Amino acid sequence: MIIDVNQSNIQEELVTKSAEKTILFYVYDPGNPQTQAVTTALENTVGQNNEFLTLAKGNAADPVIQSICMQLQISSLPSICVFKNGRPVDIIGSSALSTPDSASAVVAGLMPAKEQILLHEATALLGEENVNGAFAKISEAFGLAPNDINIRFAYVEIAIRAKKLTEARTALEGVDANSRLDKIYGDLEAALTLAEKNQQNPEIDILQDKLKQNPDDLDNVEKLCTALSQSGKATEALDLLLGYLRKDLNAGNLKQVYLDIISTMNGDPKQSRYRSKLYTIMY
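This structure is a prediction, so every number in the text was calculated from the model and none was measured.

What counts and what doesn't
- What you see as residue numbers is a count from 1 along each chain, following the sequence as written.
- Predicted model: local features are reported for residues with pLDDT of at least 70 only, side-chain atom pairs are reported and counted for 80 or more only, and whole-chain, interface and lining totals are derived from all residues.
- Heavy atoms throughout the structure, all of them, feed into the side-chain values; hydrogens and water do not.
- Put simply, DSSP marks the helices as runs of H or I at least four residues long and the strands as runs of E at least two long, and each gets a number from the N terminus on.
- The buried label goes to any residue with under 20% of its type's maximum accessible area, the exposed label to any with over 50%, and the partly exposed label to all in between, with areas taken from a 1.4 Å probe on protein chains only.
- Contacts between residues were defined by any pair of non-hydrogen atoms, one from each residue, lying within 4.5 Å.
- Two strands make a pair as long as DSSP finds a minimum of two bridges between them.
- Whenever a helix is involved, its axis is fitted only over the stretch in contact; in every case the axis is a line through C-alpha atoms, and angles between N-to-C directions fall within 0 to 180 degrees.
- Identification of polar contacts relies on pairs of N or O atoms within 3.5 Å, with a donor-acceptor requirement for protein atoms, meaning one able to donate a hydrogen and the other able to accept it, and with residues adjacent in sequence counted only if both atoms are side-chain atoms.
- A side-chain nitrogen of Lys or Arg and a carboxyl oxygen of Asp or Glu constitute a salt bridge if their distance falls within 4 Å.
- The arc in question is the one spanned by the directions pointing from the helix axis to the C-beta atoms.
- Remark: nonpolar core denotes a set of buried residues (Ala, Val, Leu, Ile, Met, Phe, Trp, Tyr, Cys) joined through side-chain atoms within 4.5 Å.
- Roughly parallel means an angle under 35 degrees; roughly antiparallel, over 145; roughly perpendicular, 65 to 115; everything else is oblique.
- Working rule for handedness: look at the near helix, and if it is turned counterclockwise from the far one by less than a right angle, call the crossing left-handed; if clockwise, right-handed.
- Pairing of aromatic side chains here covers Phe, Tyr and the six-membered ring of Trp, requires ring centres within 6.5 Å, and sorts the geometry by plane angle: under 30 degrees stacked, over 60 edge-to-face, intermediate tilted.

J.: Where do I start with the side chain of T39 in this structure?
T.: Along the chain, the position of T39 falls in helix α2 (residues 33-46). Residue classification places T39 among the buried positions, given a relative accessible area of 8%. Aside from chain neighbours lying at most four places away, what touches T39 is Y26, Y28 and K57.

J.: Is there a simple way to explain the sheet that holds strand β1 (residues 2-4) in this structure?
T.: Sheets are built from strands paired through backbone hydrogen bonds, the pairs being either parallel or antiparallel. What the five strands build is an open sheet, ordered β1-β3-β2-β4-β5; its pairing is mixed. The sheet is open, and its two borders are formed by β1 and β5 (87-92), each paired with just one other strand. Strand-to-strand twist across the sheet, computed as the mean angle between neighbouring axes with direction ignored, equals 25°. With three bridges joining them, β1 and strand β3 (residues 53-59) adopt parallel strand pairing. Across the sheet, the residue bridging to I3 is A56, located in β3.

J.: In this structure, what is going on with the environment of E51? I would like to understand it.
T.: Position of E51 among the secondary structure elements: in the loop between α2 and β3. Between the C-alpha atoms of E51 and L259, which are 208 residues apart in sequence, the distance is 37 Å. The contact partners of E51, leaving out residues within four places of it in the chain, are K21 and H120. Within the structure, E51 has its side chain in polar contact with the side chain of H120 (distance 2.2 Å).

J.: What is the right way to read the pattern of salt bridges from this model?
T.: Two side chains carrying opposite charge are able to pair once their charged atoms lie near each other. Under the criterion given, the structure shown has 10 salt bridges. The partner of E129 in a salt bridge is R161, with the nearest N and O atoms 3.6 Å apart. With E129 in the loop between α5 (114-127) and α6 (131-144) and R161 in helix α7 (residues 149-161), this pair connects stretches of sequence that are 32 residues apart. By relative accessible area, which is 57% here, E129 ends up exposed. As a salt-bridge pair, R169 and E189 come within 3.0 Å of each other at their nearest N and O atoms. In this pair, R169 is assigned in helix α8 (residues 165-173) and E189 in helix α9 (residues 183-199), connecting sequence segments 20 residues apart. Bridged by salt links that share partners, the residues D4, E43 and K57 form one connected network.

J.: Teacher, can you tell me more about helix α13 (residues 254-263) here?
T.: Residues spaced three or four apart along an α-helix face the same direction, because each turn holds 3.6 residues. Buried residues of α13: L254, V257, Y258, I261 and I262, and no others. The arc that holds the buried residues of α13, viewed along the axis, is 135°, so those residues lie on one side. Against α11 (218-230), α12 (234-247) and α14 (270-282) lie the buried residues of α13.

J.: Help me understand the nonpolar core in this model?
T.: A general tendency of soluble globular proteins is for nonpolar side chains to be buried together. Counting residues in each nonpolar core, the largest one holds 30 residues, and the members touching the most others are F135, I138, I151, V156, I158, I160 and L172. When contributions to this core are tallied by element, the ones reaching two or more residues are α5, α6, α7, α8 and α9. The element best represented in this core is α7, accounting for eight residues. One finds A227, V257, Y258 and Y274 within the second-largest nonpolar core, a separate group that totals 24 residues.

J.: In this structure, what is going on with the packing of α5 against α6? I would like to understand it.
T.: Any two packed helices are characterised by how steeply their axes cross, that is the angle between the axes, and by the distance between the axes. It is at 8 Å that the axes of α5 and α6 come closest, and there the two elements cross at 165°. By the angle between their directions, the pair α5 and α6 is classed as roughly antiparallel. Between α5 and α6 lies a crossing of left-handed hand. When α5 is examined against α6, the residues K114, E115, L118, L119, E121, A122, L125 and L126 are found in contact with a partner set consisting of V131, G133, A134, K137, I138, E140, A141 and L144.

J.: Please explain the packing of aromatic side chains as it appears in this structure.
T.: Geometry of an aromatic ring pair is reported as the spacing of the ring centres plus the angle between the planes. For the structure shown, the criterion picks out five aromatic pairs. On the numbers, 5.3 Å between centres and 5° between planes, the contact of Y26 with Y28 is stacked. Both residues of the pair, Y26 and Y28, belong to the buried class. For the pair Y279 and Y283, a centre-to-centre distance of 6.2 Å together with 55° between the ring planes defines the contact as tilted. Residue class for Y279 comes out partly exposed when judged on its relative accessible area of 40%. The structure contains a cluster of three or more aromatic residues connected by ring pairs, namely F135, F142 and Y155.

What follows is the structure, given as structure tokens:
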């Protein structure tokens, strides 16, 4: 987000809103051609839709901005004062903002680490009920920072929601002893145990027994694969279906069942892999 600050909004934009996100209070001289290029670079790098940083521009010709600069001990232009949690935490002087490239590098250095951005995106997707998309994002974040306990806990939570219970159990078992004292760990353990219990579908056991007795009963195969998918075992169902489709692509209604299961995996990184496996058989 990019805004201009003045007497009417400077308190709210620098102090109040920095409790929610990092504010870059950028003081500049609009009459300086070199500063204009730096300003453009900062605006382009931050962008209007940045969810982590706000560029709050202050015209150095404004007496109110001049007064704030004196309080913050800003002595050269252009400069950036970083506000977090309602207070200034750092001042980036003109030497670090001497060129457009150096200014862009400053902004890049203030952005959260990639795994934190992925965590934020996963949380947003989860709020939109896009569970598979959220799992794909948090899986990438977890791969980058497996020792970050907040990311690990988020991974377990989203994995449970996505019915990836094996993955959730593996990640939860990797929690260190100290973090197991956290209430979040206890809540996740309880949620995962309940999900695992609910996943024990007796219908699946019956259908699997029938499959052993009569592997050629395609109607039973269809019911079993549907039940597996509904219990969060989509890849197990797809692997079973592939075995039949490799022998006969037109076996019963199995190709459609396969396609239906794939369609429920939007956002799951395994979706494209299993779609490719089917295309390989078809073409």
